[in-house]
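The lines below spell out each chain.
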Amino acid sequence: MTQDRVHFKRISEFTKANQWPAPDHPLLYVYSADRHSTEDIHTCGGSGIDITYSTDFYMIAIKNILSGELRYGRTRYDFTNGSMMFAAPRQEITIQAQIVSSNVIMLLIHEDFIKGRPIRNEFRKYGFFSYAVHEARHLSEREESRMRTIMQNILEEYQSNQDEFSRDLLLSQLDTLLKYANRYYKRQFLNRGDMSQ
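The following refers to the structure shown.

Counted under the stated rule, the structure contains 10 aromatic pairs. Aromatic pair Trp20 and Tyr31: ring centres 3.9 Å apart, planes at 10°, arrangement stacked. Within this pair, whereas Trp20 is found in the loop between α1 (11-17) and β2 (28-32), its partner Tyr31 is found in strand β2, the two being separated by 11 residues in sequence. For the residue pair Trp20 and Tyr31, the accessibility class agrees, reading buried in each case. Relative to Tyr184, the ring of Tyr180 lies with its centre 6.0 Å away and its plane at 35°, an arrangement referred to as tilted. Pair noted here: Tyr180 and Tyr184 are both in helix α6 (residues 166-196), with a separation of 4 residues, about one helical turn. Three or more aromatic residues link up through ring pairs in this structure, and these residues are Phe8, Phe14, Trp20, Tyr29, Tyr31, Tyr53, Phe57 and Tyr158.

See the structure below:
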């Protein structure tokens, strides 16, 4: 088994490696497979090849993994009952022969985009970016719809003509997304605690 290992400092390097359209903004990127591809499924990594990478940006994604494996650090990331994942800068992600459905939507937020902003502390305090978390967030249909709506709002603002309000509007939407993610994260583990009792 061979393994490729790479660190992406810039979002443009990551999008190029994935053969995605070039970023409109150097510090923020929104990938929506619905808009960028006509395929029903997408393959990441080949048979017998592990791709391990780290980045200088946060990653937030909603995706349904049909087969293959994703490891966050040294732990397998479990998508059995979940569809939303979070990754922090400089944390290693390994993908092996992964096939995902076409409704993937992913946000890439470079550290410099939130530097000097109050939301930076929000990113740091949420537990779902931690290496210790090794399963996807489970979302009900209603919750997933809400998260997709927020991410689509971010995409629309991202694609609009940039002006003096753009960054604040994008940061506001990101803040909303994180607050809902935290609510669903807390609820997921609260429910699990209730069930175990």
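Back to the write-up after that little detour.
This brings us to the nonpolar core. Formed by 52 residues in total, the largest nonpolar core has its most connected members in Phe14, Met59, Ile60, Met84, Leu107, Ile109 and Phe129. Among the elements that take part in this core, α6 stands out by supplying 8 residues, more than any other. The residues contacting Ile109, other than those within four sequence positions of it, are Leu27, Leu28, Phe57, Tyr58, Ile60, Ile114, Phe123 and Leu174.

So, about the sheet that holds β2. If you trace the 4 strands from one edge of the open sheet to the other, you get β2-β10-β5-β8, paired in antiparallel fashion. Strands at the two margins of the open sheet, each flanked by one partner only, are β2 and β8 (84-87). Direction aside, neighbouring strands of the sheet carry axes that sit 10° apart on average. Pairing of strand β5 (residues 57-62) with β8, which is carried by 4 bridges, proceeds in the antiparallel orientation. Opposite Met59, over in β8, you have Ala87 as the bridge partner. Relative to the sheet, helix α5 (residues 141-159) contacts β2, β5, β8 and β10 (105-110), its axis offset from that of β2 by approximately 125°.

So, how was this worked out
- Residues numbered from 1 in each chain as written.
- Predicted model: local features only at pLDDT ≥ 70, side-chain atom pairs only at ≥ 80, totals over all residues.
- Heavy atoms only, no water.
- Phe/Tyr/Trp six-rings, centres within 6.5 Å; stacked < 30°, edge-to-face > 60°.
- Helix = DSSP H or I, 4+ residues; strand = E, 2+ residues; numbered from the N terminus.
- Buried < 20%, exposed > 50% of the residue type's maximum accessible area, 1.4 Å probe, protein only.
- Core = buried A, V, L, I, M, F, W, Y, C linked by side-chain atoms within 4.5 Å.
- Contact = heavy atoms within 4.5 Å.
- Pairing = 2+ DSSP bridges.
- Axes fitted to C-alpha atoms, helices over the stretch in contact; angles between N-to-C directions.

Geometric values such as these leave the question of function open.
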